[in-house]
Amino acid sequence: MKTPAAALTQALKRRARDEGFDTVGVARAERLDRDAEVLRAWLRRDFHATMAWMARAPERRADPTLVLPGCRSVVVAAMGYYPGRGRAATPPGRARVALYARGRDYHRVLGTRLRRLGRWLEEVGGGRCRVYVDTGPVLERAWAERAGVGWIGKNANLLQRDRGSWLLLGEILTTLELEPDPGPHPDFCGTCTACLDACPTGAIVEPGVVDSGRCISYWTIEHRGAIPEGERGSLGEWIFGCDVCQEVCPWNQRFASERSDDAFAWREDLQGLDPVEVLALDEPAFRARFSGTALMRARWDGMRRNAALVLAGRRDRASARALERAAQDADPLVREHAAWALARRRGSG
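Residues numbered from 1 in each chain as written. Predicted model: local features only at pLDDT ≥ 70, side-chain atom pairs only at ≥ 80, totals over all residues. Heavy atoms only, no water.

A.B. asks: In this structure, what is going on with the overall build of the protein? I would like to understand it.
C.D. replies: Per the secondary structure count, the protein includes 16 helices and 11 strands. Computed over C-alpha atoms, the radius of gyration of the protein comes to 21 Å, within 12% of the 20 Å expected from 2.2 N^0.38 for 349 residues, which places it in the range of a compact globule. Seen through its C-alpha atoms, the protein measures out along the principal axes to roughly 75 × 40 × 40 Å. The buried share of the protein, reckoned over its 349 residues, is 53%. For the protein, the share of sequence-separated contacts (at least 6 apart) that also reach a separation of at least 24 residues comes to 76%. Accessible area for the protein stands at about 15600 Å²; split by element, carbon and sulfur atoms hold 49% of it. One finds the centroid of the 54 positive side-chain charges in the protein at a distance of 1 Å from the centroid of its 46 negative side-chain charges. (Helix = DSSP H or I, 4+ residues; strand = E, 2+ residues; numbered from the N terminus. Rg over C-alpha atoms; globule rule 2.2 N^0.38 Å. Buried < 20%, exposed > 50% of the residue type's maximum accessible area, 1.4 Å probe, protein only. Contact = heavy atoms within 4.5 Å. Areas by Shrake-Rupley, 256 points an atom, 1.4 Å probe, with all protein chains shown as cover. Lys, Arg positive; Asp, Glu negative; His and termini not counted. Charge placed at Lys NZ, Arg CZ, Asp CG, Glu CD.)

A.B. asks: Would you mind showing me how to read the side chain of Thr9 here?
C.D. replies: You can see Thr9 is positioned in helix 1 (residues 4–18). Look at Thr9 and you get buried, because its relative accessible area is 1%. A polar contact of 2.6 Å, which involves the side chain of Thr9, links it to the backbone oxygen of Ala5. Not counting residues up to four positions away in its chain, the partners in contact with Thr9 are Val26, Leu178 and Glu179. (Polar contact = N/O pair within 3.5 Å; in protein donor to acceptor, adjacent residues only side chain to side chain.)

A.B. asks: I keep staring at helix 1 and nothing clicks. Help me out?
C.D. replies: Over its 15 residues, helix 1 runs 21 Å from end to end, which matches the ideal 21 Å to within 8%, given 1.5 Å per residue. Listed in full, the buried residues belonging to helix 1 are Ala5, Ala6, Leu8, Thr9, Ala11, Leu12, Lys13 and Ala16. Immediately downstream of helix 1, the backbone of Gly20 shows phi near 100°, a positive value. (Expected span 1.5 Å × (residues − 1).)

A.B. asks: Quick question: what am I supposed to make of the packing of aromatic side chains here?
C.D. replies: Centre distance and the angle of the planes are the two values used to describe a pair of aromatic rings. Using the criterion set out here, one finds 10 aromatic pairs in the structure. Aromatic pair Tyr218 and Trp219: ring centres 4.9 Å apart, planes at 65°, arrangement edge-to-face. The burial state of Tyr218 is the same as that of Trp219; both residues are buried. A network of ring pairs unites the aromatic residues Trp151, Phe188, Trp251 and Phe255 as a single cluster. Geometry around Phe188 places Arg161 over its ring, the cationic atom sitting 4.3 Å from the centre. (Phe/Tyr/Trp six-rings, centres within 6.5 Å; stacked < 30°, edge-to-face > 60°. Lys NZ or Arg CZ within 6 Å of the ring centre and 35° of its normal.)

A.B. asks: Honestly, the sheet that holds strand 4 (residues 129–132) in this entry has me stumped. Any pointers?
C.D. replies: Overall, antiparallel pairing links the 4 strands, which are arranged 1-2-7-4 in an open sheet. Edge positions in the sheet fall to strand 1 (23–28) and strand 4, since each has one partner strand and no second. Sheet twist, expressed as the average angle between the axes of neighbouring strands with direction ignored, equals 20°. In the packing of helix 5 (residues 106–125) onto the sheet, the strands contacted are strand 2 (73–80), strand 4 and strand 7 (167–174), and the crossing angle to strand 7 comes to about 30°. (Pairing = 2+ DSSP bridges. Axes fitted to C-alpha atoms, helices over the stretch in contact; angles between N-to-C directions.)

Everything listed is a geometric property; what it means functionally is a separate question.
Spelled out as structure tokens, the structure:
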């Protein structure tokens, strides 16, 4: 006979599947001492770069009861987002966009569904819930590993054997007692070092450890203002994010399951972007084009900055003309990066 906690947990998982989540795991709320020390060591090495928010309240990140008093369980819900090989490709001539950003903002997609799930849990089981999607003081990958949802791979992403690392995570902290899943999930990376070997900038400095100050995703999304000159040439064709460490992962190449529904409302125009067009966008046009997508996180000036750096590596006349116009732009950030890109083109012949 199922205990009340077991029955409620099974009902929660059925409800989560109805909401479109692929995997749901539960962990008992307790202090994550080992993961807290990993975070502190990462911060001591300044691997968070300018993301000062990562250094705030590390103790709260390690203890869910400091986030939600009386928290007894942590629910981790994972949603795969791989749209299939054809839709994952970038059309010729287009700048590259990280796969997760090619449709509706995942914060909205997962957040809406998790909030519904949290409200249902409160109504059925009582207690209180707090929901997070890549926000707030929650060590989401550590909790996912603890809840048996997957393991933290050498690329620092969460991995599953049937979906690879094309996963997005959300959490529900709750004061309810739920039945925990077996964990932590075993590690199946083995001796593979494909992600470390392929990282264009060497940002994965050791298994599971990423130096944000070397990471293309950090520079194109999180960083505000000018990108240091020594890093500008590293973007290559990436205008938003980077998927290289995921693309080379054998679990992604061989076993990743294609998402069967269109939960993220994938857009063909976001499979790749024309950097000339992006560089020329005024702010209203930028907002009209990208509102409701994760690309808004880079902001108007950041996306135009990134577009200028992508064009530095192109040799066509249209790119040169776009950079010449941008070098006279009213925005000093865009002017600086366009001028640098022009100088780089001229210097490389």
